[in-house]
Structures are given as C-alpha cells and as structure tokens.
Amino acid sequence: MHADMHRKIDIPNRPTHKPCRSSFVCGCLLAVAFAATILLPGPALAQLMPSTTQEEARPVLPERLSADLIDGVLATLTDAEIRHLLREELARQAAEREVATADAMPTFEQISGRLAEMATRIRERAGRWAVSLSNIAERGPRIATQLEKARAGIIAMLIAALAVLLAGIAAASGLSAVTRRWRNWLATPAEASYWDRVLRTIFLGLLALLPIAGFVMATKALVSLLAGVLGPLADYAWIYEAGVSYSWAFIVVTRRAFAPDAPAIRIAPIDDQLAAKLHGLLRTAVRLGAAAWLVAGLMFHLGLGFPPIMVLRGLAGTLIAGLLLWGLWKSTAEIRAATRKVFSVDAQEGTVGRIAEAAAPALLALYILAAWAYWLAHWLETGQDRLVGPAGTLLVYLLLPIVDRMGREGIASMIRRRTPMAQRFRRVFNAAWRTVIGGAALIIVAALWGLDLVALTIGPNAPGWARTASDVVVTLLLGWLIWRLIGAALYAEKRISDAAEDADPSSVPAVSRLDTLVPLLRNTLLAILGVAVTMIILSALGIDIAPLIASAGIVGIAVGFGAQSLVRDIFSGVFFLFDDAFRVGEYIELDPETRGEVEAISVRSMQLRHHRGAVITIPYGELKQIMNHNRDWVIYKMSFRMEPDTDPQRFKKLVKEVAKEFLEHPEHGSKFLEPLKSQGVYYVDDDSALVMRVKFKCRPRAQFVLRREIYHRLRQVFAQNDMQLSRRKVEVVAGDATGLAAQAAAESTLPPNAAASV
C-alpha cells in the first residue's frame, strides 16, 4: 500500500493531510509493482521487468577456508562486507533451526500453527482493507492522474475502447462465418465410428479456435494504433485479451468435450441432458470468473488500488463455488447415472462401481467446498490465486471418463474378435488401462498441488520408505496384471452337471485334452507367480531371502520322504494325464460301484460326480483301470426273448423298419454312426424261447438314451405285428397218479434250490 495508507494505519490519531506529489508517485509505483506480482502471469510479468540488472557487489569466500586463513580473509573485508556475511550466516542458522523445529513438531501441531498464522495474517490484512475501502474517495487524484494519460480526452478514450471491442468482435464473427459450413459438416455425420467422432471433435475444436485467434490479432493491432488515445486502457489491453481469449478457449474445449450442440460426435460417455447441464454450468462459471478478472484489472489500471480487487475477486470466487454446488444439487441423478456408466465394465457392475455411484455427488460437493475454502484462505492471506490445484483437479476429474472411453475403444479396435477369450482379454486390458490412467491422474493432481510424487518415490533424494513402498506397489500391480492375463488365457469354468448315465450327449459339451490340462497349468503358474511376487516383496522390504530358499529346499526333501503316498499320487496323475486316460466332463467307470462324470482334477486327485449327485474324490494312486464311455464311438447290443415260433426273417424286417425311423428322427438320428441291425438268433433257450439280438453304433454316452427309445419302439412294433416276447416258464406234463405221486416224493427229498430250478 502507498505511504498515505500506512500513516493512517500506524498512527490513527494523526490528522490527515494531502500527501505531497513525490509521495503520491512513489505510492502509485509500489501499488503497481505489488498488483503486478499478483495479477500478471509469468510471461507478462517478465516483460515488465527490466532486461538487465546490476548485481550488488557481494563478498566471496574461498571454498576451502582453514583456521589459518580466517584472519587473512577478515583483513581484506570491510566492515559492511563483514556485517553482510554475518547477517547471511545468522539467517541461514535461523532457517535451519526453524526447519528442524518444524520437523520435530507433530503433524497436527504444524497444521494448527499454520492455520493460526493464516488467521492472524487475514485479520491484519482485513483491517487494512477496511481502512483503505473507507477512504476510497481519497483515491480521486490518483484516478484523475491515470485518466490524464488519455491525450485526446475521456470521450475519445471510450470511443477508442469501443472501437477495439467492435474490431475484435468483427474479426471473430467473420472467421466464424467463413468456417460455419465446415463446422456444420463436421458436427452432423450420417454415420460415425468412435474414432471418427474423435477426429471430427478435434477438427471442429480447431475451427472453433480460429475466431479467438482473429479476435486477439485484431485487438492487438488496433490497440497498438490507438495506444495514445486509449491512455490507461492501453496497459489494460493485455488483461482484456487474456481474460476474453482464455475463457473463450476454455468454453470451446468444454463444448467439444461434452458436445451439447453435436450429440452425433460426442466422445464423453454421458447423455444429452447431462452434457447440456455440465457445459452450461462450466460456461457460466468461466464467464463469472472472466468478468471478475476484467473488472479487477480495470479497477487496478484506473487507480482504485488493491483492496477493492481483493473483495471483488473473493466475492466472485464464492459466487462461482455456490453456482457449482447448485448445479451439482440439480444434477445429482445425472451424475450418478454417468458414474454408473463409467464404472460398469461390459455391463457388469462391481462393488467399486456401486460405491462410486452412491458417493460421487457427495464427494464432489465436499471437494468443491474444500477447494473454495483453500482458494479463499490463500487469496485473503497473500492475494494470490491458488487455482492450479483446485481447478486442475476438477478438470482432471471431468476428463477422466473421456480418456477412459478412448482407451477402451482403442483396446476394442485392437482386439476385434468376439470369442470368450477375446472378451476376457479385453476386460483385463480395460482394467490395466484404468489403473494406468488412475495412477497418471494421481501424479498429475499431486503435481498441481505442488507435490512431485515421482521425485518423492524414485528420485535421487527420495527417502528409503518411499522407495520401498513404490517397489512394493509396482510389484503388486505387475503381479496382479500377470495373474489376470494367466487367468484370461487359461480360463476354465467350474463344471457342475447331473452326471447321469443316460444324459443327452448333445447337452454335454465336448472337452478337449487341453481343457483338461489347462486348470493344472493355470494353478501351477499362479502358484509360481505368487511365490515370485512374495519373494520380490520380501527382498524390497530388506529381508534376506537366501535362507528362505535354502530352508524351502530342506523342507521339500523332508516332505518328500514323509509323504510318499502323496508323491505316488502326483506321479500317477501325471502319467494318467499324459496317457489321456480321461478328461474333464467324460463319464468313466472304475468298477461296478464307482462311476460318474469327471468334474474336476487337481495335482493329486480327481473328483467324480455320481449320477445320484454324490461327489467322489479319488487319489490317482488308487486308480487301477478306467473304463471311459466318452471316446470316439460305442457299439451297443440288445437281446430280446421271443416265442419259439417267431420268424427270424420277419423279426429282421421289423428291426430294419424301426432302424429307418430312428435315422430319420430329428432328435435321435444324428446320434447314430451305424443304423440299428438285427443279428438274428443268438441262441435257443431250451425250446422255450428264441433269443434274438440287435446292435447299433452310436456316439459316446448316446447308447443309454438310444437303448431306452429302441426298446420301447420295438415292443410297440412287435405288439402291432402279433409277435410276443417270451416269458420264462416251467412246463409240467400230465401222467398217471402213480407217476405223479412218485415225482412229488422225489421232489420232496431234493434241496429247496434244486426243486426251484426244475
């Protein structure tokens, strides 16, 4: 603040008087310098600084200073130089003590101390602002001095300013009219793929930036011509150009990102309603911020001083925060829907997605409040806009869904197949892409808030615990990615079936030998990966893993001697699998009492699902012989006991007709490899029956279904053609009474089993 203000603050009882002209000029120069450090960007501030400066002569001490050289060095220095060196040394020691004290203090004490210091400084500055604002009328002479710079008068200055404004608008409108046809063509494609939409969005954004370039060039050209007429507004021109062009460019970027005016080329995964709301909300917020910037710059160049600027910018920032919160409250449902769409992968939502969907509006509201409080506190304390962190984090949050969508579309374009394996790999790469952009977003956000995570974790001055933590995190992420890739490449579904003997073979999926070995290979690789990741993490934590490896070898030898049956089971299983004796999903029979479908295999045992539902676990070492009902083909034979007077030729003819029916059957015809055939008379059962036999060749496990259907159909055909199945019977020939009595007496002396067999 200028000298007059300091006199009124420090000595309130002193009567006020009009300051001299030299004091007023010095105060103006100080105010301009202070406001320039706050308002001007780096490049603009560098342009206002002098190009060359003269360094103040400072004493230089030798790099190596021994006790013998101290007196000689002091003899060559003046008293002023010695005082300067002493001051620097004392300041260095004080800074070191302050840093050591701050490091020794607990974190909460440091935070509370910083907040107390901030509150004290804000109270002091608020008092000075109140005094300055109450005496704002006394800045009339300074305003008059600024207006005197307009050589042609205030009216001419206003006309020139209006001319500059109209020139910029005219240039922008002309370029917009020239490019309107191209912009309409880019915004309304007949059909467009995702990457076509991305390219159209980029080119449409570039065309939309051309009017901004025309506005800036026209404004600069006319300001340079009318600098003398504009007076103080000539220095204000760069603030006007920066405020309008930057805010305009930001609005163009948001319009192209959310595309409320061109839904056909929208790249953000949101609907029309949310796109219009987001763009409108951000556009209004940017316009408010730009208006505050322009008005504050105008107040500064007209000589109103810095306190009005502080109040105006504080009110504008608070209004923008309130506007964002109001828009968030009005768009809660849309934000949840967009979050659900972003966190869903292949239409399958997980726990993280549901949590993010429910908490997104509340977390966003809390962040806006925290960012506003952070910005307002620093603005009131130092007069500096700490907007890089709050605004940059919000921008990263809004851009993450777009970057995520672009990555997923790129992965889908590289993996175009629609097989289950391709879908699994797409899910893995999508998860990896989200991990990458999440880590990148974390690093970027930390950098926006002034924290270099890369230097903190892997930089040359990084602490040991940070290096260890980064190594562990990277190892876990790589292990997780390899785990997912192994699971995607060697995927095998858990099979649970009814395991019935007569199950329809068409409903039983064919399982290759590779499908049987894949689970074993996957489990082995995952075990090796788990051991490797564990060893790497232990090594990163500083644990010597050499003794662990040696101990594992010794333990392995001891286990080998103590678990011989386990070793036998493992080796037996290896040879059974190499021989391809069975596969997962096949129906096997070990003995008349043990049969079922192979449901799962492990390193030492297999699991059979019995047709009654029980699961039987059998170690490989106990397997002797295996009857597999699922290999290549099956020949099944059926016997029929016919009456002794049955004509074999007629029997063969009927069987042939039934065989033709089954071959043409829509459900059972495809199960036959060879048709049903009659083998004629198999044998004669003591003149009481002719045993006729039929056979057929079919696909594995189809015999159980076909035998039932064939038996039912042949019985129907036999009944329709007066051919009867023979029953087992005993014939008694009638004779005289003496013979019957003798026969009865003989049977009574026989054992019971012998009498029943007669």
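Anything mentioned here points back to the structure above.
Please read all numbers here as calculations on a predicted model, not as lab measurements. (Residues numbered from 1 in each chain as written. Predicted model: local features only at pLDDT ≥ 70, side-chain atom pairs only at ≥ 80, totals over all residues. Heavy atoms only, no water.)

1. Let's talk about the overall build of the chain
Of regular secondary structure, the chain possesses 27 helices and 8 strands. Within the chain, buried positions represent 35% of all 758 residues. Sequence-distant contacts in the chain: of pairs separated by 6 or more residues, those separated by 24 or more amount to 71%. (Helix = DSSP H or I, 4+ residues; strand = E, 2+ residues; numbered from the N terminus. Buried < 20%, exposed > 50% of the residue type's maximum accessible area, 1.4 Å probe, protein only. Contact = heavy atoms within 4.5 Å.)

2. Thoughts on the sheet that holds strand β3 (residues 605–609)
Overall, antiparallel pairing links the 5 strands, which are arranged β4-β3-β2-β1-β5 in an open sheet. Where the open sheet ends on each side, the last strands, each with one partner, are β4 (615–619) and β5 (627–628). Here strand β1 (residues 587–591) pairs with β5 via 2 bridges, running antiparallel. Bridge assignment links I588 to a residue of β5, and that residue is N628. (Pairing = 2+ DSSP bridges.)

3. Let's talk about the environment of A469
Here A469 lies in helix α20 (residues 464–489). Assessed through its relative accessible area of 35%, A469 is described here as partly exposed. Taking the C-alpha atoms as reference, A469 lies 8.6 Å from A540; in sequence the two are 71 residues apart.

4. Examining the pattern of salt bridges
Enumeration over the complete set of coordinates arrives at 12 salt bridges. Across the pair D404 and R434 runs a salt bridge, and its minimum N-O distance is 2.9 Å. Of this pair, D404 sits in helix α17 (residues 388–414) while R434 is found in helix α18 (residues 420–448), placing the two residues 30 residues apart along the sequence. E409 is the salt-bridge partner of R405, the closest N and O atoms lying 3.0 Å from each other. Placement of the pair is R405 and E409 together in helix α17, with a separation of 4 residues, close to one helical turn. Overall, E409 belongs to the partly exposed group, its relative accessible area being 22%. (Salt bridge = Lys/Arg side-chain N within 4 Å of Asp/Glu carboxyl O.)

5. So, unusual backbone geometry
Unlike most non-glycine residues, A259 shows phi in positive territory, near 45°. Its place among the elements puts A259 in the loop between α12 (232–258) and α13 (272–301). Note on A259: relative accessible area 1%, which makes it buried.

6. So, the packing of aromatic side chains
What the rule picks out here adds up to 16 aromatic pairs. A ring pair is formed by F672 and F696, whose centres lie 5.9 Å apart and whose planes are at 70°; its orientation type is edge-to-face. Residue F672 is located in strand β7 (residues 672–685), and its partner F696 is located in strand β8 (residues 689–698); the two are separated by 24 residues in the primary sequence. Linked through ring pairs, Y636, F662, F672 and F696 together constitute an aromatic cluster. Sitting over the face of the ring of W185, R200 holds its NZ or CZ atom 4.5 Å from the ring centroid. Across the ring face of Y682, the terminal group of R693 is positioned such that the distance to the ring centre comes to 4.0 Å. (Phe/Tyr/Trp six-rings, centres within 6.5 Å; stacked < 30°, edge-to-face > 60°. Lys NZ or Arg CZ within 6 Å of the ring centre and 35° of its normal.)

7. Re the packing of helix α10 (residues 194–225) against α17
One way to put it is that α10 packs onto α17 with a least axis distance of 10 Å and a crossing angle of 135°. With respect to their mutual orientation, α10 and α17 come out oblique. Contacts between α10 and α17 involve Y194, W195, R197 and V198 from the first element and I402, R405, M406, E409, G410 and S413 from the second. Looking at the contact of α10 with α17 residue by residue, the class counts come to 5 nonpolar, 2 polar and 3 charged. (Axes fitted to C-alpha atoms, helices over the stretch in contact; angles between N-to-C directions. Parallel < 35°, antiparallel > 145°, perpendicular 65-115°, else oblique. Nonpolar A, V, L, I, M, F, W, Y, C, P; charged D, E, K, R; others polar.)

8. Some details on the environment of R727
Mapping R727 onto the fold places it in the loop between α25 (703–720) and α26 (737–748). Considering only alpha carbons, one finds R727 and M642, 85 residues apart in sequence, at a separation of 8.3 Å.

9. Here's the deal with the environment of R197
With respect to the helices and strands, R197 occurs in helix α10. Looking at R197, the relative accessible area reads 14%, which means it is buried. A C-alpha to C-alpha distance of 9.9 Å links R197 and P263, two positions 66 residues apart in sequence. With near-sequence residues (within four places) excluded, R197 lies in contact with A192, A264, I265, R266, I267 and R405. Among the polar contacts listed, one links the side chain of R197 to the backbone oxygen of R266, at a separation of 3.2 Å. (Polar contact = N/O pair within 3.5 Å; in protein donor to acceptor, adjacent residues only side chain to side chain.)

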